[in-house]
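An overview of the molecular structure
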Amino acid sequence: MRIAFIGGGNMTTSLVGGLVRRGTPAGDLWVSDPVTAQLERLAREFGVRGGADNREAAREADLVVLAVKPQQMADVARGIATQLTERRRVVVSIAAGIRLADLARWLGAGIPIARAMPNRPALIGAGITALYGGNGITVRDRDDVEALMSAAGATVWLDQESQMDAVTAISGSGPAYFFLLIEALEAAGIAAGLPAGTARRLAVETARGAGLMAAESGETPAALREQVTSRGGTTAAALEVLEAAAMRDTFGRAVAAATRRSAQLADQFGGT
Ligand SMILES: NC(=O)c1ccc[n+]([C@@H]2O[C@H](COP(=O)([O-])OP(=O)(O)OC[C@H]3O[C@@H](n4cnc5c(N)ncnc54)[C@H](OP(=O)(O)O)[C@@H]3O)[C@@H](O)[C@H]2O)c1
């Protein structure tokens, strides 16, 4: 299957890198980008060819990945609409906040389109991507889309497109919540007398270890938390302060704010 990436930036680089590392022949991949330096870099690192003509890329491909910024999407989608009518091709948009209805308006009715919402750790192959298939997406298309996006980490399918705003608020924006927590732990460690480098290392490695345990142990996060919290101990003393500060409620309000903002941005990007 020939896959064309429209837009050769960060996300395309991580997907192309992941696919090539997993054995996809570089000759099956094509990248379209106006910046020659981007194409040269992708050719050098992964042996993937490309060009500046989005129409040519779309015409030759079986699967077209739209990987430009949301504000560029309307022009890019309209620009390849004619090529997509020539024969059946699946289009995958990885742009945050671009709805299927808007893509269908720009690309033309009847094109099978899926949406993918990756997150930042996808750039190091440790992302999670939420997927949603629109009208005309078959079971086989879903397998192809999942194989594509799993090159950048885990995948999960949604059963309603409207859930994408909540996904954006949890996994899209989520890495920043964890970075904030690492920052706060580092600062607290320094305030408690640790050298700065040691405080950061302890905070970062603890985040990594806790994330890996939550992902791999098969236990619920609540059970893992209880296992490290002995009655009257140090962890219990800290958690008491966090619970008294209504940390769970604060996260609830933060995620609600991000969800609302995601819907607003989708309205804004789709209004062209
Ligand atoms: N990076 C993330 O963490 C992340 C997470 C979730 C979703 N996403 C989504 O993934 C998409 C791509 O993000 P990214 O970080 O890879 O962005 P990026 O690095 O800016 O890549 C976009 C690329 O598309 C090129 N481009 C611009 N106009 C074009 C056109 N008309 N035809 C073809 N290519 C064109 C850009 O060139 P110029 O630089 O010259 O404009 C740039 O090289 C975005 O829609 C974003 O919402 C990204």
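Note that the coordinates shown come from a computational prediction; the quantities given were computed from them, not determined experimentally.

Description of the site of the ligand
Around the ligand, a shell composed of 24 residues is seen, among which M11, D33, Q38, N54 and V68 lie nearest. K69 is positioned such that a nitrogen or oxygen atom in its side chain is 3.2 Å from an oxygen atom of the ligand. In isolation the ligand offers 890 Å² of accessible surface; the protein chains occlude 78% of this area. Grouping the constituent residues of the shell around the ligand by class yields 13 nonpolar, eight polar and three charged.

Quick word on the packing of helix 1 (residues 10-21) against helix 2 (residues 36-46)
At a minimum axis distance of 11 Å, the contact between helix 1 and helix 2 shows a crossing angle of 20 degrees. The angle between the axes of helix 1 and helix 2 places the two elements in the roughly parallel class. Helix 2 is crossed by helix 1, and the crossing has right-handed handedness. Packed against helix 1, whose contacting residues are T13, V16, G17, V20 and R21, the element helix 2 presents R41, L42 and F46 at the interface. Here the residues of the contact of helix 1 with helix 2 sort into four nonpolar, two polar and two charged.

With respect to the packing of aromatic side chains
Under the counting rule described, the total for this entry stands at one aromatic pair. Relative to F251, the ring of Y177 has its centre 6.2 Å away and its plane inclined at 70 degrees; by these criteria the two rings are edge-to-face. On the criterion of sequence distance, the pair formed by Y177 in helix 8 (residues 174-191) and F251 in helix 12 (residues 247-270) is long-range, its members being 74 residues apart. Look at Y177 and you get partly exposed, because its relative accessible area is 21%. The side chain of R142 reaches across the aromatic face of W157, ending 4.1 Å from its centre.

Cut-off values and rules
Residues numbered from 1 in each chain as written. Predicted model: local features only at pLDDT ≥ 70, side-chain atom pairs only at ≥ 80, totals over all residues. Heavy atoms only, no water. Near = heavy atom within 4 Å. Polar contact = N/O pair within 3.5 Å; in protein donor to acceptor, adjacent residues only side chain to side chain. Areas by Shrake-Rupley, 256 points an atom, 1.4 Å probe, with all protein chains shown as cover. Nonpolar A, V, L, I, M, F, W, Y, C, P; charged D, E, K, R; others polar. Axes fitted to C-alpha atoms, helices over the stretch in contact; angles between N-to-C directions. Helix = DSSP H or I, 4+ residues; strand = E, 2+ residues; numbered from the N terminus. Parallel < 35°, antiparallel > 145°, perpendicular 65-115°, else oblique. Left-handed = near helix turned anticlockwise from the far one by under 90°. Contact = heavy atoms within 4.5 Å. Phe/Tyr/Trp six-rings, centres within 6.5 Å; stacked < 30°, edge-to-face > 60°. Buried < 20%, exposed > 50% of the residue type's maximum accessible area, 1.4 Å probe, protein only. Lys NZ or Arg CZ within 6 Å of the ring centre and 35° of its normal.

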